[in-house]
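Structural features, examined
Here are the chains, one letter per residue:
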Amino acid sequence: MDLRFETLRGSALHPWLPALARLRIAVFKDWPYLYEGDEAYEARYLRAYADSAGAAVILAQDGATAVGAATCEPMAETHGEVRQAFLDAGRDPAAYCYFGESVLLPAYRGQGAGVRFFELREAHARSLGLSRTTFCAVRRDADDPRRPPGYTPLGAFWHKRGYAPCAGLSCTLGWRETGADAETPHILDFWERALP
């Protein structure tokens with residue numbers, strides 16, 4: 001499949017917000033996030049990227065259809081729990097570009113889109129004069145019975161991209177898991193890279 005990638009900022013994101021909201025819900029409902037999404041919440045969440053001066057969304061398209069997206073923004077502009085985790089660890093959020101998420105429909109995986117998402121987000125970080133990049137991933141027990149057979153964790157892929165875990169650095173975010181009635185807290189661990 002021939003995917004087209006585009007870096008969108010500001011008002012260029014607005015026409016894509018409904019499709020991106022549905023895409024996040026579709027991808028995050030699966031392991032390891034098991035996220036029970038809500039389109040109204042997703043639209044508000046994604047609108048913050050359109051309203052943030054330094055934010056960008058990398059859009060992957062198959063023809064005119066959005067099949068993947070990856071977000072990034074200066075950590076100084078991101079949501080409080082993420083920024084606070086770095087402040088609490090004595091790190092300066094102003095030095096980092098935060099990669100919020102990377103979502104891709106299953107049919108398009110294994111074809112280089114993940115690498116391209118990192119390349120384009122890192123290019124955006126450099127364009128902002130930021131020398132470090134970071135993201136966080138949900139922590140799940142390896143023996144969780146909900147883990148699908150054959151699931152491959154992404155740690156090896158992230159290491160290949162030059163990322164390393166930030167020892168002892170995590171944040172807690174709440175969301176409602178699929179089939180649940182209420183939100184529960186989830187620990188997310190940070191990874192980082194110093195850009196060359």
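Reference entry: report on the structure contained in this document. Everything numeric in this text was worked out from a predicted model, so none of it was measured. (Residues numbered from 1 in each chain as written. Predicted model: local features only at pLDDT ≥ 70, side-chain atom pairs only at ≥ 80, totals over all residues. Heavy atoms only, no water.)

Once that is clear, we can look at helix α4 (residues 113-127). Residues separated by three or four positions in an α-helix point in the same direction, a consequence of the helix having 3.6 residues per turn. Helix length check: α4 (15 residues) gives 21 Å between terminal C-alpha atoms against 21 Å at 1.5 Å per residue, within 8%. For α4, the full list of buried residues reads Ala113, Phe117, Phe118, Leu120, Arg121, Glu122, His124 and Ala125. (Helix = DSSP H or I, 4+ residues; strand = E, 2+ residues; numbered from the N terminus. Expected span 1.5 Å × (residues − 1). Buried < 20%, exposed > 50% of the residue type's maximum accessible area, 1.4 Å probe, protein only.)

Our focus in this paragraph is the packing of helix α1 (residues 17-28) against helix α2 (residues 39-51). Helix packing for two helices is described by the angle between their axes and how far apart those axes are. As a packed pair, α1 and α2 sit with axes 9 Å apart at the nearest point and diverge in direction by 115°. In this structure, α1 crosses over α2, and the sense of that crossing is right-handed. In this structure, α1 uses Leu17, Leu20, Ala21, Arg22, Arg24 and Ile25 to contact α2, whose residues at the interface are Glu39, Glu42, Ala43, Tyr45, Leu46 and Arg47. Per-class residue counts for the contact of α1 with α2 are 7 nonpolar, no polar and 5 charged. (Axes fitted to C-alpha atoms, helices over the stretch in contact; angles between N-to-C directions. Left-handed = near helix turned anticlockwise from the far one by under 90°. Contact = heavy atoms within 4.5 Å. Nonpolar A, V, L, I, M, F, W, Y, C, P; charged D, E, K, R; others polar.)

Relative to the helices and strands, His186 is located in strand β8 (residues 183-194). A polar contact of 2.8 Å, which involves the side chain of His186, links it to the backbone oxygen of Thr184. When near neighbours in sequence (up to four residues on either side) are disregarded, His186 contacts Val138, Arg140, Cys171, Thr172, Leu173, Trp175 and Glu177. (Polar contact = N/O pair within 3.5 Å; in protein donor to acceptor, adjacent residues only side chain to side chain.)

Enumeration over the complete set of coordinates arrives at 13 salt bridges. A salt bridge links Glu6 to Arg4; its shortest N-O distance comes to 3.6 Å. For Glu6, a relative accessible area of 30% puts it in the partly exposed group. Taking the relative accessible area as the measure of exposure, Arg4 reaches 43% and is therefore partly exposed. Between Asp144 and Arg146 there is a salt bridge, with the nearest N and O atoms lying 2.8 Å from each other. A relative accessible area of 40% places Arg146 in the partly exposed class. (Salt bridge = Lys/Arg side-chain N within 4 Å of Asp/Glu carboxyl O.)

Further remarks concern the nonpolar core. Core analysis: the biggest nonpolar cluster contains 49 residues, and Leu20, Tyr33, Cys171, Leu188 and Phe190 have the highest contact counts within it. Sort the elements by how many residues they give to this core and α1 lands first, with 6 residues. Here Leu188 is in contact with Tyr33, Cys136, Ala137, Val138, Arg139, Leu169, Ser170, Cys171, Leu173 and Trp175, once residues within four sequence places are set aside. (Core = buried A, V, L, I, M, F, W, Y, C linked by side-chain atoms within 4.5 Å.)

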